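# Residue-level structure breakdown
Listed here are the chains, written in short residue letters.
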Amino acid sequence: MLAAVKRVAGSGCQFSVEERMGCGNGSCNGCVVPVRGGGYVRSCVEGPVFGAEVLAW
Amino acid sequence: VRERMAGVDLSVNLCGLALETPLMPASGTLAKEALGEVEGVYGAMLPKTTTPRARAGNPPPRVAETPAGMVNSIGLQNPGVEGFLQDLDAFDLGVPLFVSVAGDTVAEFAALCERLAGDDRIAAVELNLSCPNVECGGLIFCATSASVEEVVGACRAALPNRPIFAKLTNEGVVENARAAEAAEADALTVINTLPALTIDAHRQKVLVRGGLSGPAIKPVALRAVYEVAGAVEVPVIGSGGVVSGLDVAEFMLAGATAVQVGTASFVRDPREILDEFSAYLQEAGLGAGDLTGALRGDHPVVTGGEGR
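Residues numbered from 1 in each chain as written. Chains lettered and ligands numbered in written order. Predicted model: local features only at pLDDT ≥ 70, side-chain atom pairs only at ≥ 80, totals over all residues. Heavy atoms only, no water.

### With respect to the overall build of chain A
Broken down by element type, chain A carries 1 helix and 4 strands. Helices and strands in chain A line up, N terminus first, as α-β-β-β-β. Over its C-alpha atoms chain A spans a radius of gyration of 11 Å, differing by no more than 12% from the 10 Å that the globule rule assigns to 57 residues. Its C-alpha atoms give chain A principal-axis dimensions of about 35 × 20 × 15 Å. (Helix = DSSP H or I, 4+ residues; strand = E, 2+ residues; numbered from the N terminus. Rg over C-alpha atoms; globule rule 2.2 N^0.38 Å.)

So this is what it looks like as structure tokens:
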């Protein structure tokens, strides 16, 4: 759904991402989101708010 | 913490290493961001598994909650051994530092051990033998005792002067423990997560296909520790569903010399687990080291035919 919002809103917006979390303190790597350039970052520590340009949606 | 535990001896000796407490994190469950919460709790430090090259890990969803546990499928996300070693000082809490490694092949395991042999910060190496062996059609290293013996032997040759722990899965654990001991592993970590699956019935999709952890697996892990400790001479590190201080005591009574805390640390403060364990020892008038294997002989170890 947020990906659809991003298409409508265009660049410059930010998203609060709430992936399913295991620990909430960066330990389990469970709540990752895909980022541009490849790989994943943790929504609990690196996020939960990301600039639209960061996320690989 | 230590003040509250005056008079209780929490220390244990694991492969010649003096640990202030028998607790350590289970690999993959403690990041550097959370270290402030565990200072003085763990007798050793054990970061996430590292691999020869960086791994992005598996696509989400990676975790799912289940009754009394969770299923995870992280895919060993890590920056690769060189990046891992650059960041390793963050895990220096003044206690012995253990490093968990995994490779796709026996040669990769051995190369990792050789790389770590040159790093004096590392007190011991844990081999994560629940990862797939690409030379055996993707079967995990623990799938056969021959492959356990081969990989442990290769790591032993590459790392002759530091303790090596073989982390084993539940299936075939006694045979694999004997194989690891024959290949001169110094200790055995028992057990890893159990193969598990969660399904989203509403979307009719597989949610997470991975490993089950948490208190749901504790009785399975306890039995594995009990039987392995009866079958080998080397120390056992118990792991699987430890949530309370009494759980720690149970694992040590079953034969563990040290105990790992994993999933529980996502739910409660590991400090409380140590405090409970300390209170148990105080009441029993025992030191942590007195517990290991104290049940031995009470019940003969049976390796088949029971359970009906």
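### Structural notes on the sheet that holds strand β11 (residues 205-213) of chain B
Residue and element names in this part refer to chain B. Taken together, 4 strands build an open sheet; the order of strands is β4-β5-β11-β10 and the sheet is antiparallel. Strands with a single pairing partner mark the edges of an open sheet, and in this sheet they are β4 (63-66) and β10 (194-200). Taking each pair of neighbouring strands and ignoring which way they run, the sheet shows an average axis angle of 40°. Across 3 bridges, the pairing between strand β5 (residues 69-72) and β11 is antiparallel. The partner of V71 across the bridge, within β11, is L212. (Pairing = 2+ DSSP bridges. Axes fitted to C-alpha atoms, helices over the stretch in contact; angles between N-to-C directions.)

### Observations concerning the interface of chain A and chain B
Each partner contributes to the interface: chain A provides 16 residues, whereas chain B provides 21 residues. Scanning the region where chain A abuts chain B turns up 1 salt bridge. The closest approach of N and O atoms between E33 of chain B and R42 of chain A, which form a salt bridge, is 2.7 Å. Linking chain A with chain B are 4 residue pairs in polar contact (both at pLDDT 80 or more), by the criterion used here. Grouping the amino acids of the side of chain A that touches chain B by side-chain chemistry returns 6 nonpolar, 7 polar and 3 charged. (Contact = heavy atoms within 4.5 Å. Salt bridge = Lys/Arg side-chain N within 4 Å of Asp/Glu carboxyl O. Polar contact = N/O pair within 3.5 Å; in protein donor to acceptor, adjacent residues only side chain to side chain. Nonpolar A, V, L, I, M, F, W, Y, C, P; charged D, E, K, R; others polar.)

### Description of the side chain of S244 of chain B
The residue S244 of chain B is located in the loop between β12 (236-239) and α6 (245-253) in this model. When neighbours within four sequence positions are excluded, S244 of chain B is seen to be in contact with R268, I273 and E276 of chain B.

### Observations concerning the confidence of the model for chain B
Counting all residues, the mean pLDDT for chain B is 94, and 94% of those residues have values of 70 or more. With a pTM of 0.93, the predicted complex shows an ipTM of 0.90. (pLDDT = per-residue confidence, 0-100.)

### Some words on the packing of aromatic side chains
Residues and elements named next belong to chain B. Taken as a whole and judged by the stated rule, the model has 2 aromatic pairs over all chains. Ring geometry for F98 against F165: centres 5.1 Å apart, planes inclined by 85°, an arrangement best described as edge-to-face. A residue pair is termed long-range when its members are at least 10 positions apart, and F98 in strand β6 (residues 98-101) and F165 in strand β8 (residues 164-168) qualify at 67 residues. Each member of the pair, F98 as well as F165, is classed as buried. (Phe/Tyr/Trp six-rings, centres within 6.5 Å; stacked < 30°, edge-to-face > 60°. Buried < 20%, exposed > 50% of the residue type's maximum accessible area, 1.4 Å probe, protein only.)

### Observations regarding helix α4 (residues 173-182) of chain B
An α-helical turn contains 3.6 residues, so any two residues separated by three or four positions project in the same direction. Residue and element names in this part refer to chain B. Inspection of α4 places V173, V174, N176, A177, A179 and A180 among the buried residues, and these make up the whole buried set. For α4, the secondary structure elements touched by its buried residues are α3 (145-158), β8, β9 (187-190) and α5 (218-231). Remark: E184 follows α4 within two positions and exhibits a positive phi of approximately 75°.

### Description of the environment of I164 of chain B
When you line up the elements, I164 of chain B lands in strand β8. Taking C-alpha positions, I164 of chain B is 5.4 Å from A185 of chain B, a pair spaced 21 residues apart along the chain.

### Topic: the nonpolar core
Counting residues in hydrophobic clusters, the biggest one holds 99 residues, and the most contacted among them are F98, F109, L127, L129, V152 and L188 of chain B. Considering each element in turn, this core owes the most residues, 7 residues, to α5 of chain B. Setting aside its immediate chain neighbours within four residues, F109 of chain B contacts V101, A102, G103, L127, N128, L129, C131, F141, V151 and C155 of chain B. Counting 7 residues, the second largest nonpolar core, distinct from the first, contains F15, V33, A52 and L55 of chain A. (Core = buried A, V, L, I, M, F, W, Y, C linked by side-chain atoms within 4.5 Å.)

### Observations concerning a nonpolar patch on the surface
Where nonpolar side chains cluster on the molecular surface, the patch consists of L197, I199 and V206 of chain B and spans about 290 Å² of accessible area. Accessibility expressed as a relative area gives 57% for I199 of chain B, which makes it exposed. (Patch = residues over 30% accessible without salt bridge, like charges linked within 9 Å, V, L, I, M, F, W, Y side chains within 5 Å. Areas by Shrake-Rupley, 256 points an atom, 1.4 Å probe, with all protein chains shown as cover.)

### Details of unusual backbone geometry
With an omega dihedral of 10°, the bond running from G47 of chain A to P48 of chain A counts as a cis peptide bond. Within the secondary structure, P48 of chain A is located in the loop between β3 (40-42) and β4 (49-51). Residue I191 of chain B is reached from V190 of chain B by a cis peptide bond, and omega for that bond is 10°. Residue position: I191 of chain B is located in the loop between β9 and β10. Here C15 of chain B, not a glycine, exhibits a phi torsion of approximately 55°, which is positive. Along the chain, C15 of chain B turns up in the loop between β1 (12-14) and β2 (17-19).

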